[in-house]
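Take a look at the letters that make up each chain.
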Protein chains: 2
Amino acid sequence: MNKDIDLIIDKENEKCPVETALDVIDGKWKILILWYLRRDTKRFNELQKQMPKITQKMLSQKLKELELDGIINRVVYPEVPPKVEYSLSDYGKSLKPILKQLYFWGEKHKKNKEI
Amino acid sequence: MNKDIDLIIDKENEKCPVETALDVIDGKWKILILWYLRRDTKRFNELQKQMPKITQKMLSQKLKELELDGIINRVVYPEVPPKVEYSLSDYGKSLKPILKQLYFWGEKHKKNKEI
DNA sequence: CGGAATCCGGATTGATACTG
DNA sequence: CAGTATCAATCCGGATTCCG
């Protein structure tokens, strides 16, 4: 796990694995959603509360995409009022090391970015 | 470094460090550019060759943004034909662990994503 | 020649309102 | 509560053009 990326040779004519990863977690919202799902199941509403700047539309859309990619599970409880719970699938959990690195980096460099 | 992200408590009313990180590497192209710059200096043209699908415009734009964020260095050689070299700054190099995780993840899950 | 700037059509995203 | 619908704004891609 401590291989140095400096030693990795880019293969010609082959999709870079970094790109493969990015295909799945493209954009800002997806990673943020995964972050808030990292520990436990969350309802639509809870997620929205934790990401005040995402719109309902985007949240709904990104959740759908993540579900289609098999990264999160979506469970609907047929109740009134409706209740839908989202959680990381096992596949999604495999992204945790990435989330971890993003967290640590942000934590370390937060001060530099204060405007 | 092996702290478990499960133990991290989200603070209310404070920007999540993950978000801080995402502010800097937002979008797909930036990370890919950083990936190709991870080892050595590259010219505009070389980067474009390694990322066949990026347009000149996007490449130029993203490089500029990365430069403004202090993540890469841009050196112009006043020659004809012109020559511009891009490389990771020290700040940019601090992102390598993130690139590394993305690479490993992509490497591991590539097979699942073949269509 | 390598790289940046411009213009334009199409895709993504955002704001707001509304529904099962 | 958990989403859609609609429309405006913004971003992206492609082609072209410009400049040193």
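Relevant structure appears above.
Here goes a summary of the coordinates provided. (Residues numbered from 1 in each chain as written. Chains lettered and ligands numbered in written order. Predicted model: local features only at pLDDT ≥ 70, side-chain atom pairs only at ≥ 80, totals over all residues. Heavy atoms only, no water.)

## Observations regarding the pairing of strand β2 (residues 72–77) of chain B
Residue and element names in this part refer to chain B. Here is the rule we go by: For two strands to pair, DSSP has to find at least two bridges joining them. Runs of E in the DSSP output that reach at least two residues are strands. Runs of H or I that reach at least four are helices, and both are numbered from the N terminus.
Of the pairings in the sheet, the one linking β2 to strand β3 (residues 83–88) comprises 6 bridges and is antiparallel in character. When the sheet's bridge partners are listed, I72 is paired in β3 with L88. In sequence, β2 turns back onto β3 through a hairpin of 5 residues.

## Brief notes about the relation of the copies chain A and chain B
Heads up, the rule is: In this comparison the copies share one frame, found by least squares on the C-alpha atoms of residues holding pLDDT of at least 70 in both. By the convention used here, residues are in contact when the closest approach between their heavy atoms is within 4.5 Å.
Taken as rigid bodies, chain A and chain B are interconverted by a rotation of 180° and an axial shift of 0.0 Å, the fit giving an RMSD of 0.1 Å. Overall, the copies show the geometry of a two-fold rotation axis. In terms of proximity to the rotation axis, the leading residue of chain A is A:G27, whose C-alpha is 2.4 Å off the axis. Comparing interface residues between copies, 100% of those in chain A also lie at the interface in chain B; the contact surface is shared.

## Examining the packing of aromatic side chains
Applicable threshold: When two rings of Phe, Tyr or Trp (its six-membered ring) have centres within 6.5 Å they constitute a pair, described as stacked for plane angles under 30 degrees, edge-to-face for angles over 60, and tilted for the intermediate range. Any residue under 20% of the maximum accessible area for its type is buried, any over 50% is exposed, and the rest in between are partly exposed; the area is computed with a 1.4 Å probe on protein chains only. To sit over a ring, a charge needs its Lys NZ or Arg CZ within 6 Å of the ring centre and within 35 degrees of the ring normal.
Considering all chains together, one arrives at 6 aromatic pairs over all chains under this definition. With a centroid separation of 5.0 Å and 15° between ring planes, the pair formed by B:W35 and B:Y103 is classed as stacked. A residue pair is termed long-range when its members are at least 10 positions apart, and B:W35 in helix α2 (residues 28–37) and B:Y103 in helix α6 (residues 96–113) qualify at 68 residues. The class of B:W35 is buried, set by a relative accessible area of 0%. Ring geometry for B:Y103 versus B:F104: centroids 6.1 Å apart, planes at 75°, classification edge-to-face. By relative accessible area, B:F104 is classed as buried at 11%. Taken together, A:W35, A:Y103 and A:F104 form an aromatic cluster joined through their ring pairs. Sitting above the plane of the A:W35 ring, A:R38 keeps its charged end 3.8 Å from the centroid. If you follow B:K83 out to its NZ or CZ, it ends over the ring of B:Y77, 4.9 Å from the centre.

## A word on the protein's contact with DNA strand C
Filter applied, for reference: The rule for a residue being near a molecule or strand is that one of its heavy atoms must lie within 4 Å of it. In protein, a polar contact requires one atom able to donate a hydrogen and another able to accept it; more generally it is a pair of N or O atoms within 3.5 Å, and residues adjacent in sequence count only if both atoms are side-chain atoms. Each residue gets one label: Ala, Val, Leu, Ile, Met, Phe, Trp, Tyr, Cys and Pro are nonpolar, Asp, Glu, Lys and Arg are charged, and the others, such as Gly, are polar.
Taken together, 20 residues form the shell around DNA strand C, and within it A:K57, A:M58, B:N45, B:K64 and B:R74 come nearest. Of what DNA strand C places within 4 Å of the protein, 61% of the atoms are sugar or phosphate. Within the side chain of A:K57, one N or O atom sits 2.4 Å away from a base oxygen of DNA strand C. Of all elements in the fold, only α4 (56–68) of chain A together with α3 (44–50), α4 (56–68) and β3 of chain B reach the threshold of two or more residues within the surface near DNA strand C. Here the surface near DNA strand C gets 5 residues from one element, more than from any other, and that element is α4(A). Per-class residue counts for the surface near DNA strand C are 8 nonpolar, 6 polar and 6 charged.

## A short note on the interface of chain A and chain B
Heads up, the condition is: Salt bridges are identified by distance alone: a Lys or Arg side-chain nitrogen within 4 Å of an Asp or Glu carboxyl oxygen.
Every contact between the two is made by 49 residues of chain A and, on the other side, 49 residues of chain B. Residue B:K53 is joined to A:E19 by a salt bridge in which the shortest nitrogen-to-oxygen separation is 3.7 Å. Connecting chain A to chain B are 18 residue pairs in polar contact (both at pLDDT 80 or more). Contributing elements (two or more residues each) for the side of chain A that touches chain B: α1 (17–25), α2 (27–36) and α6 (96–113) of chain A. Per element, the largest residue contribution to the side of chain A that touches chain B is 16 residues, and it comes from α6(A). In the side of chain A that touches chain B, the residues fall into 24 nonpolar, 8 polar and 17 charged.

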